[in-house]
Amino acid sequence: MKFTLKRWRFCSVLLVLFTLFAGQCLAQDIKGPIKIVVPYPAGGGSDIVARLCADKMKDTLGQPVIVENKPGAGGRVGTEYVKGLPADGSAMLVVNPALFVVNPLVFSKLSYDPEKDFEPVAQIMTYQFVLSVPATSPIKDIKGLIEWLKKNPKEANFGSPAAGSLPHFFGLLVGKAAGIEMVHASYNGSAPLLTALMGNQIPMGIDTFESESAHHPDKIRILATSGTSRKLPDVPTFKEQGLDIEGVGWNGIVVPAKTPKAIIDKLSAAFVKAIKSPDVSEKIKQMGSDPIVTDSQGFAAVIKQDREKWTPVVQASGFKAE
Amino acid sequence: MKPDIHQKNLATAFIFIALGIVAMVFSVAYKLGTAANMGPGYFPFALGAILTVLGIIVATQSLSIPPDKSSRISFKIKPVLMILSSVFIFGLSLEPLGLFASVMFLVIFSSMASDEFNLKEAVINTMALLLMVFIIFIYFLEFQLPLWPGFMFSHS
Amino acid sequence: MDLYSNLLLGFNTAVTPMNLLYCFGGVLIGTLIGVLPGIGPVQTLAILLPTTYSLSPISALIMLAGIYYGAQYGGSTTSILMNLPGEASSVVTCLDGHQMARQGRAGAALTVAALGSFFAGCVATLMIAVLSIPLADISLKFGPAEYFSVIVFGLIGSIVLASGSIIKAIGMIVVGLLLGMVGTDVTSGAQRFCFGVSELADGIGFVALAMGLFGISDIISSLEKGEKRDILKGKLTGFMLSKKEFLTCIPATLRGTLSGCLLGILPGGGAVLASFSAYMLEKKISKDPESFGKGNIKGVAAPESANNAAAQTSFIPLLTLGIPSNVVLAIMAGAMMIHGIQPGPRVITSNPELFWGVIASMWIGNLMLIILNLPLIGIWVRLLSVPYRVLYPAILVFCCIGLYSVNNNTFDIGLTALLGLLGYIFIKLDCEPAPLILGFVLGPMMEENFRRCMLLSHGDPSVFFTRPLSLSFLLLSLIMVVAAGLPALKKKREVAFQGDDL
């Protein structure tokens, strides 16, 4: 009796172990720890979101999810790195429009092809662009800005956080819609641009909302935001103010091409779940971005749409990185 | 046995002029631009020109300053080669072979550069450093470093 | 002005046992990591940042701030003992600090660095508490024209750093400026001198340059001489300062602290300009400028207090305007954001306990640093008695791992080896690397601001002379050139007269 009980117990343990193992083998088609490669240094916007997602996904997927920073060349080094990693779902990359939409247009020799080398997994957030002026500026809205620019054509300068960034091209879009030739001055990132605006060194700046926060009302005035709907309750969009332009930036996740569809779907679902969880959504909102998440098809559509949207703008600007 | 030219200054002049000319040649390929809208080549071109002029000044000086013992260049090739190649080998082997193997190469090869090289001591030093590296970087700081050869395990 | 109650709030926040512990943990980790050659605050913070995500925002920031100045502090130790600057602002510390170490005076150099840093840290903390808001406004007055002029001032001043040929020093600055041009041009976005290597698109990393020019080339030339050990083995006496040394360091520390506090608030090159200009000032006003670069204790006291003061005041733009003035502070800004705090002027009103708590913790951290470090000096100095043939492979190991961890990329390691070769050639030719480093750090900023200025003024260079701040820096530069030229002329005349006598 004693013996059989023992054996029974032993067998049941064995059975449980076996089912667990078999279950693992069937469901877990991703080997080892999964890594999300952030092609930027730790502490930036995409790094923070990747870490928030990784934290949620290790529970959803039941396996370790780690974030690896591979910074360099505005994200190109990390992108090239992930391109060469195994297409089994164990490596993912955080991308944005600069890497996936603008770079193929401005680099004659790009070390990766966004369409051929990668498969979209999910879009994880979007961010609007803002046009702001120093708080001491007499300009109060877009209409006033256009009038002012027409009166002071020599002052028609705008700053952006980097040459070849989406805010740079969005600024050109603004100039085109307003019918004004604007001179672009690029800064070495958002922080110096913000300083220049606060110090009244440049008449206006365009940046992503994430970095150009609305938290300096006594130093900076935001005239318009770039989305289809208002980002800030009291700041109208460009469209509302008579300029028919809009555009948002985004962060998304891709995997190396040839990753099996089932794995992509599984990862995609895990991202959707992570972003939709209230605490992650809240953190993303606090950073000034919007937790807008889509699955792989949705993300593919976003990339395609943005390519069609920005290609003429970028080409008209004549901007080349090499 | 006085050398008849100031070797150090002449070599400096040569480096300055060579770097200056290289900078100018490449800058012309980038756009020079105008004063109001300078291209990416404007500044490096100007710097290249300045460096070339400085090189010429150093060269003329090297002819006028009387050379002495300290103006001669002398060097040993062994430490240069051993140290540089050990660093190169570390860089090449880190990702394919992992941290432990590459630290081993680095310590052993670089130790050989010293005149006081002694294999036993170098091996002990390697062991001690491996332990330190493990405790500090892997255990304590959790650096993202490839530890083992890629074909054995994936990145930790 | 309820400074008193604010500071009280700050200290109440900072001295909770938990926060004290994090502060101590931060400065301890910072010091230990900063001491490792090749590993500075940037990598340390980037790597440890994720571990603070689970802490409360105040504890996280207190700890990160502690790591930052702890690492800066530990970096000075490495500069003095091993001639390895962890960041641009400690390059000048190497000049006299390492010479002192070679003369067996490492203990004194470290003590001066510790005391100077502590004093500067206290003054700077007080200044942040009292003056942060008006100072932040001053930093906004710096437009492209002002930046350009202050950098010109710094570069011209740096010629003073040279202890040998002035022409060669100018040449080295230009070489540094050119090396700084490698990478993506900020103004046009074009890639320059990259030769199709995408790792070069961000330019040559500072860590790679410093480790190459100082670390590797120094190791090679020491091995070649094969005598370095004897010098260091000499007398290791004089851990403490003599009374005379202590007294001569007081004015140097005061001046260093002042330049650190003022220049530290400038975004970008603040700390570098501060430590270089503090050194320049000491050498300029010294009765015995020849002794600088040969182990003059003032050449350690002034730049060390300047860079520590600057490290503290560089928090001002972040805390009051939300603008991180360097890479390290950008990581801190990221840390604030992940805790849902938007860095900026609202922090003072919406999170007063965080703002004042961090400020109070800086003072506490400085106190901890000095208590921690004075006894450690003995241990660090003993490091020098490790045989060099054992020590240098260890330096190489830490440098290489540090280099890899900047970008998780092995490219930087190979690049450093090449730069090491370049540095070795320069040593052989009696060309000094310090001016090169300054040119490298300031060059891209100079170009960027000059071009932006010309762009915004539509090619009219008069902006540099019509803006008062810019004009005054340019005038100061001119005075320096004249002042540097005069003695040379005088000397020539003297020589000429002597010639007549003969």
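Just so it is clear, the model here is predicted, and its values are computed rather than measured. (Residues numbered from 1 in each chain as written. Chains lettered and ligands numbered in written order. Predicted model: local features only at pLDDT ≥ 70, side-chain atom pairs only at ≥ 80, totals over all residues. Heavy atoms only, no water.)

A. Spotlight on the pairing of strand β5 (residues 157–160) of chain A. Residue and element names in this part refer to chain A. Here β5 shows no split at all, with Asn 157 and Gly 159 on one side and Phe 158 and Ser 160 on the other all buried. Bridge analysis of β5 against strand β6 (residues 183–186) gives 4 bridges, and the strand direction is parallel. What sits directly across from Gly 159, in β6, is Ala 185. Taken together, β5, helix α7 (residues 166–178) and β6 form a β-α-β motif whose crossover is right-handed. (Buried < 20%, exposed > 50% of the residue type's maximum accessible area, 1.4 Å probe, protein only. Helix = DSSP H or I, 4+ residues; strand = E, 2+ residues; numbered from the N terminus. Pairing = 2+ DSSP bridges. Right-handed = clockwise from strand over helix to strand, strands pointing away.)

B. Structural detail: the domain arrangement of chain B. As assigned here, chain B comprises domain 1 (7–71) and domain 2 (77–140). Using only C-alpha atoms to locate each centre, domain 1 of chain B and domain 2 of chain B end up separated by 38 Å. (Domains from an automatic or database assignment.)

C. Geometry of the environment of Ala59(B). All names here are of chain B. Here Ala 59 is to be found in helix α2 (residues 42–64). Sequence separation between Ala 59 and Thr 12 is 47 residues, and the spatial gap between their C-alpha atoms is 8.1 Å. Setting aside residues no more than four positions away along its own chain, Ala 59 makes contact with Leu 10 and Ala 13. (Contact = heavy atoms within 4.5 Å.)

D. Up close: empty space enclosed by the protein. All names here are of chain C. Using the criterion set out here, one finds 7 cavities of 30 Å³ or more in the structure. Roughly 70 Å³ of internal volume is contained in the second largest cavity. Lining the second largest cavity are 16 residues, and of these Gly 34, Ile 39, Gly 75, Pro 85 and Gly 86 lie nearest its centre. The biggest single contributor to the lining of the second largest cavity is helix α4 (residues 57–82), with 4 residues. Here the residues of the lining of the second largest cavity sort into 8 nonpolar, 7 polar and 1 charged. (1 Å grid on protein atoms, 1.4 Å probe; cavity = no way out; pocket = protein on both sides within 12 Å on 5 of 7 lines; lining within 4 Å. Points joined across faces, edges and corners; volume = space filled by probe spheres on them. Nonpolar A, V, L, I, M, F, W, Y, C, P; charged D, E, K, R; others polar.)

E. Representation of the pairing of strand β7 (residues 204–208) of chain A in the model. All names here are of chain A. Of all 5 residues in β7, 5 are buried, a share of seventy percent or more. Every second residue of β7 is oriented toward a common face, with Met 204, Ile 206 and Thr 208 on one face and Gly 205 and Asp 207 on the other, all of them buried. Direction of pairing for strand β4 (residues 118–134) relative to β7: antiparallel, over a ladder of 4 bridges. What sits directly across from Phe 129, in β7, is Thr 208. As paired elements, β5 and β7 share 2 bridges and run parallel to each other. Pairing of Phe 158 across the sheet is with Met 204, part of β7.

F. Region of the structure containing the interface of chain B and chain C. Between chain B and chain C, the contact holds 64 residues from the first and 62 residues from the second. Our enumeration of links across chain B and chain C arrives at 3 salt bridges. Lys8(B) is the salt-bridge partner of Asp430(C), the closest N and O atoms lying 3.5 Å from each other. Between the two partners, chain B and chain C, sit 12 residue pairs in polar contact (both at pLDDT 80 or more). Elements represented by at least two residues in the side of chain B that touches chain C include exactly α1 (7–29), α2, α3 (77–97), α4 (99–111) and α5 (119–140) of chain B. Ranked by the residues each element gives to the side of chain B that touches chain C, the list is headed by α3(B), at 11 residues. Classifying every residue of the side of chain B that touches chain C gives 44 nonpolar, 15 polar and 5 charged. (Salt bridge = Lys/Arg side-chain N within 4 Å of Asp/Glu carboxyl O. Polar contact = N/O pair within 3.5 Å; in protein donor to acceptor, adjacent residues only side chain to side chain.)

G. Representation of the packing of helix α5 (residues 91–102) of chain C against helix α12 (residues 270–285) of chain C. Residue and element names in this part refer to chain C. Two elements in contact, α5 and α12, have axes separated by 8 Å at closest approach and are oriented at 40°. Comparing their axes, α12 and α5 come out oblique. Packed against α5, whose contacting residues are Val 91, Val 92, Leu 95 and Asp 96, the element α12 presents Ser 275, Phe 276 and Tyr 279 at the interface. Across the contact of α5 with α12, the residue classes break down as 5 nonpolar, 1 polar and 1 charged. (Axes fitted to C-alpha atoms, helices over the stretch in contact; angles between N-to-C directions. Parallel < 35°, antiparallel > 145°, perpendicular 65-115°, else oblique.)

H. Representation of the packing of aromatic side chains in the model. For the structure shown, the criterion picks out 24 aromatic pairs over all chains. Taking the centre distance of 4.9 Å and the plane angle of 50° together, the rings of Phe148(C) and Phe464(C) count as tilted. Placement of the pair is Phe148(C) in helix α7 (residues 144–158) and Phe464(C) in helix α21 (residues 463–466), with a sequence separation of 316 residues. Consider the rings of Phe450(C) and Phe464(C), whose centres lie 5.4 Å apart with planes at 15°: the pair is stacked. Of this pair, Phe450(C) sits in helix α20 (residues 433–456) while Phe464(C) sits in helix α21, and the two are 14 residues apart along the sequence. Judged on exposure class, the residue Phe450(C) and its partner Phe464(C) are both buried. Through successive ring pairs, a cluster of aromatic residues spans Phe26(B), Tyr30(B), Phe193(C) and Phe195(C). Just above the ring of Trp310(A) sits the side chain of Lys309(A); from NZ or CZ to the centre is 5.5 Å. (Phe/Tyr/Trp six-rings, centres within 6.5 Å; stacked < 30°, edge-to-face > 60°. Lys NZ or Arg CZ within 6 Å of the ring centre and 35° of its normal.)

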